[in-house]
Amino acid sequence: MAQIASEMVLRLADDASVQHVGDGAVVLLARSGQLYTCNGTTEAFLDKVDGARSLDQIVVLLSDEFEVDKDTLDQDMAALAAELVGEGILADPAV
C-alpha cells in the first residue's frame, strides 16, 4: 500500500467519477466498469479531493465538518487515501 504524506496533493484518477445518490455516493471506474459504494466519511473526503488540495488541507476541512481528534483524522485519512490509490480511485500522488 502506498504511503501518503500530508503534503501530497490528491486528485481522482482520470477514469474515476463520483456520483451522489441518496444518502451516499458511488465511484465508477470507467476503465474496469467497477463500481464502489462510499460511506459518509469517504464521500466527504472525496468531495474535497480536487487536484489542488493536499491531504493535510483536506484533513483540516474535514476536522471542521466532523468532531474528531485531528491526529486520529490524520491517520485515518492517510490510510483511506492509500487504500483509494491502491484501488485506482485516486491517482498515485507519487507519480
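Preceding this paragraph is the structure being described.
All residue numbers here refer to positions counted from 1 along the written sequence of the relevant chain. The predicted origin of the model limits local features to residues at a pLDDT of at least 70 and limits the giving and counting of side-chain atom pairs to 80 or more, whereas totals for whole chains, interfaces and linings rest on all residues. The side-chain quantities take in all heavy atoms of the structure and omit both hydrogens and water.

**Student:** For this particular structure, what's the right way to read the environment of Leu84?
**Tutor:** Runs of H or I in DSSP of at least four residues are treated as helices and runs of E of at least two as strands, each being numbered from the N terminus. Relative to the elements of secondary structure, Leu84 occurs in helix 3 (residues 70-87). Linking Leu84 and Phe45, residues 39 residues apart in sequence, is a C-alpha distance of 11 Å.

**Student:** Could you clarify how one ought to interpret the side chain of Asp15 in this entry?
**Tutor:** The topology assignment puts Asp15 in the segment before strand 1 (16-21). The rule is simple: take the accessible area with a 1.4 Å probe, protein chains only, and divide by the maximum for that residue type; under 20% is buried, over 50% is exposed, in between is partly exposed. Here Asp15 falls in the buried class, since its relative accessible area comes to 16%. Think of a polar contact as two N or O atoms within 3.5 Å of one another; within protein, one of them needs to be a possible hydrogen donor and the other a possible acceptor, and neighboring residues in sequence only count if both atoms come from side chains. At 3.1 Å, the side chain of Asp15 forms a polar contact with the side chain of Arg31. Residue contacts are defined here by distance: any two heavy atoms, one from each residue, within 4.5 Å place the two residues in contact. With sequence-adjacent residues up to four places away left out, Asp15 is seen in contact with Leu28, Leu29, Ala30, Arg31 and Gly88.

**Student:** What am I meant to see in the sheet that holds strand 3 (residues 34-38) here?
**Tutor:** Pairing between the strands of a sheet is mediated by backbone hydrogen bonds and can be parallel or antiparallel. Should DSSP find at least two bridges between two strands, the strands are regarded as paired. Read across the sheet, three strands follow the order 1-2-3 without closing on themselves; strand pairing throughout is antiparallel. In the strand order of this sheet, the two ends are held by strand 1 and strand 3, each with one partner. In this sheet, adjacent strand axes meet at a mean angle of 25 degrees when their direction is disregarded. Sheet topology places strand 1 next to strand 2 (residues 24-29); six bridges connect them, and they run antiparallel. Each residue of the ladder has a partner; that of Ser17, found in strand 2, is Leu28. Here the axes come from fitting lines to C-alpha atoms, over the contacting stretch only for helices, and the angles between their N-to-C directions go from 0 to 180 degrees.

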